[in-house]
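Read off the chains here:
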Amino acid sequence: MSPDRRTAVAAGSLFLLTEVAAIAGAVLYRPLLGAADGRLAHGADTRALLGVLCEVMLVAAVAGTGAALFPVLRRHGEGLALGYAFGRLLEAAVIALGTVAVLALVTLRRDTEAAAGADVALAALHDWTFLLGPNIALGLNTVLLAYLAYRARLVPRFIAVLGLVGGPLICASAVAVMFGAYAQLSVAGSAAALPVFAWELGLAGWLIARGFGPGVGATPRPGGEAAEPAGVRRGEAAEPAGVRR
């Protein structure tokens, strides 16, 4: 297996892990965060701690995708590749902050002398980190990676287009949530997240099954398109050295 193929499998596996860990964490947190009266649900501590473990894996996977893809992406734009890698680190850091808020909620749940209202503040902190990390930061990172993938033909362009559409859409949805148009976890919010969800699943599946596209080893032209690999012209195979038609 070539180094690029190993990178593709590793990155695809990390993208799949982000989806599984994010969904599992959200489900496990609900009893802790979902009480309408601000009181923490009884018996939610163990589930919340399991959710924390899921989000620790999520943080590692989010940061790992940026690190894994950087050697490939830098061939097609080092500045954008660095932006994606650091953007994923920022996204992971915001998610980690929300995880710390959940751990603090667990402590309050166990401490009957805790100040009233502190649990509500920590739940709000988690909700805001969820909005800024897996929504706004994710949307910006998606646009960066999808643009590079589209320009360099690293994956089929219909997959890259999903990211180019889904990234701005989830950012716009997060802004709508910020101004109270609808709740984070709602039908409208879920619909806005579907293109990004499809992008990450499609990207992960393609990278694991097929690897990077033909542009992976090419260098970018000044106009943005990736040049053909050395010795290969579009529409014809490379000829052996010393052989002319």
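Coordinates for the structure precede this section.
Please read these numbers as outputs of a predicted model, since none were measured by experiment.

*Asks:* Please explain helix α6 (residues 187-209) as it appears in this structure.
*Replies:* Each turn of an α-helix holds 3.6 residues, which means side chains three or four residues apart point in the same direction. Under the 1.5 Å per step criterion, the end-to-end length of α6 is 32 Å for 23 residues, consistent within 8% with the ideal 33 Å. At L194, α6 shows its maximal kink, close to 35°; a proline, P195, follows between one and four residues later. The complete set of buried residues in α6 reads G189, A192, P195, V196, W199, E200, L203, A204 and L207. G211 occupies a position one or two residues after α6 and carries a positive phi of about 80°.

*Asks:* Help me understand the nonpolar core, please; the structure alone is not making it clear to me.
*Replies:* It is characteristic of soluble globular proteins that their nonpolar side chains tend to be buried jointly. L69, L73, L145 and L203 are the most contacted members of the largest nonpolar core, which totals 25 residues. Mapped onto this core, the elements with two or more residues apiece are α1 (3-33), α2 (45-73), α3 (78-110), α4 (118-152), α5 (157-178) and α6. Sequence-distant contacts of L145, defined by excluding residues within four places in its chain, comprise F15, L69, L73, Y84, W199 and L203. Y29, V52, V106 and A123 belong to the second largest nonpolar core, which has 12 residues in total.

*Asks:* How should the pattern of salt bridges be read in this particular structure?
*Replies:* Close approach of charged atoms allows side chains of opposite charge to pair. Under the defined criterion, the tally for this structure stands at three salt bridges. The shortest N-O distance in the salt bridge between R74 and E78 comes to 3.1 Å. Looking at R74, the relative accessible area reads 41%, which means it is partly exposed. Measuring nitrogen to oxygen at the nearest pair gives 2.9 Å for the salt bridge that ties R88 to E91. Separated by three residues within a single helix, R88 and E91 lie in helix α3, roughly one turn from each other. Assessed through its relative accessible area of 1%, R88 is described here as buried. Accessibility expressed as a relative area gives 3% for E91, which makes it buried.

*Asks:* Please explain the packing of α1 against α6 as it appears in this structure.
*Replies:* A packed helix pair is summarised by two numbers, namely the angle formed by the two axes and the spacing between the axes. Their axes nearest at 7 Å, the elements α1 and α6 cross at an angle of 145°. Our pair here, α1 against α6, has a crossing hand that is left-handed. Across the interface between the two elements, R5, A8, V9, A11, G12, S13, F15, L16, T18, E19 and I23 from α1 touch F197, E200, L201, L203, A204, L207, I208 and A209 from α6. Residues of the contact of α1 with α6, tallied by class, amount to 13 nonpolar, three polar and three charged.

Scoring rules and cut-offs
- Residues numbered from 1 in each chain as written.
- Predicted model: local features only at pLDDT ≥ 70, side-chain atom pairs only at ≥ 80, totals over all residues.
- Heavy atoms only, no water.
- Helix = DSSP H or I, 4+ residues; strand = E, 2+ residues; numbered from the N terminus.
- Expected span 1.5 Å × (residues − 1).
- Bend = angle between axes of the 7 residues up to and from the residue.
- Buried < 20%, exposed > 50% of the residue type's maximum accessible area, 1.4 Å probe, protein only.
- Core = buried A, V, L, I, M, F, W, Y, C linked by side-chain atoms within 4.5 Å.
- Contact = heavy atoms within 4.5 Å.
- Salt bridge = Lys/Arg side-chain N within 4 Å of Asp/Glu carboxyl O.
- Axes fitted to C-alpha atoms, helices over the stretch in contact; angles between N-to-C directions.
- Left-handed = near helix turned anticlockwise from the far one by under 90°.
- Nonpolar A, V, L, I, M, F, W, Y, C, P; charged D, E, K, R; others polar.

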